[in-house]
Amino acid sequence: MASGVQVADEVCRIFYDMKVRKCSTPEEIKKRKKAVIFCLSADKKCSIVEEGKEILVGDVGVTITDPFKHFVGMLPEKDCRYALYDASFETKESRKEELMFFLWAPELAPLKSKMIYASSKDAIKKKFQGIKHECQANGPEDLNRACIAEKLGGSLIVAFEGCPV
């Protein structure tokens with residue numbers, strides 16, 4: 001069931017910038033987004049970037065020691081959100097970075113919010129062409145490193161964000 005919720009152009013631009021990674025200078029790389037959280041506009045008609053809810057690559061190791069833990073902490077306890085996370089992980093053969101799309105629908109979120117976010121998910125996913133990994137999380141227990149490693153490749157994953165799994 002489609003909800004009719006639109007996706008803001010800024011949301012699409014951020015996805016494209018995270019996906020393409022055309023950064024070349026160290027300064028540009030520091031400004032690249034590691035994670036971004038999206039919410040619905042006040043009138044519930046458009047997916048928008050949530051103000052102040054992002055992690056820049058340049059913050060990792062400087063003001064943020066564990067980017068994934070920080071990302072999980074930015075998600076609201078009692079409302080739904082969409083998010084993009086640029087996951088760094090290692091297999092036995094190589095180190096990879098791939099985008100993950102999250103639908104955050106915690107148990108404490110209002111039923112109406114859960115319904116709108118769930119029914120609007122396809123609209124935002126259609127704009128995010130090429131996402132390989134998707135995760136619906138209903139609580140912090142769904143966002144532990146083992147669960148995320150499972151989504152990224154199961155037993156092939158040996159480390160996530162520099163930590164063994």
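Per an unreviewed UniProt entry, the chain carries the name Destrin, actin depolymerizing factor and comes from Ictidomys tridecemlineatus. Turning to the chain, the UniProt record has this under Sequence similarities (unreviewed entry): "Belongs to the actin-binding proteins ADF family."

For the rest of this paragraph, the subject is the state of the cysteines. Under the criterion given, the structure shown has 0 disulfides. In this model C135 remains outside any disulfide bridge; the closest cysteine sulfur is found in C147, 7.5 Å from its own. Judged by its relative accessible area of 2%, C135 falls in the buried class.

Positionally, K34 belongs in strand β2 (residues 33-40). Among the polar contacts listed, one links the side chain of K34 to the side chain of S88, at a separation of 3.2 Å. Side-chain polar atoms of K34 contact the side chain of E161, separated by 2.9 Å. In contact with K34, other than residues within four places in its own chain, are M18, I55, L56, V57, P67, L84, Y85, D86, A87, S88 and E161.

Calculation rules
- Residues numbered from 1 in each chain as written.
- Predicted model: local features only at pLDDT ≥ 70, side-chain atom pairs only at ≥ 80, totals over all residues.
- Heavy atoms only, no water.
- UniProt positions renumbered as here; feature names shortened; annotations may be inferred.
- Disulfide = S-S within 2.5 Å.
- Buried < 20%, exposed > 50% of the residue type's maximum accessible area, 1.4 Å probe, protein only.
- Helix = DSSP H or I, 4+ residues; strand = E, 2+ residues; numbered from the N terminus.
- Polar contact = N/O pair within 3.5 Å; in protein donor to acceptor, adjacent residues only side chain to side chain.
- Contact = heavy atoms within 4.5 Å.

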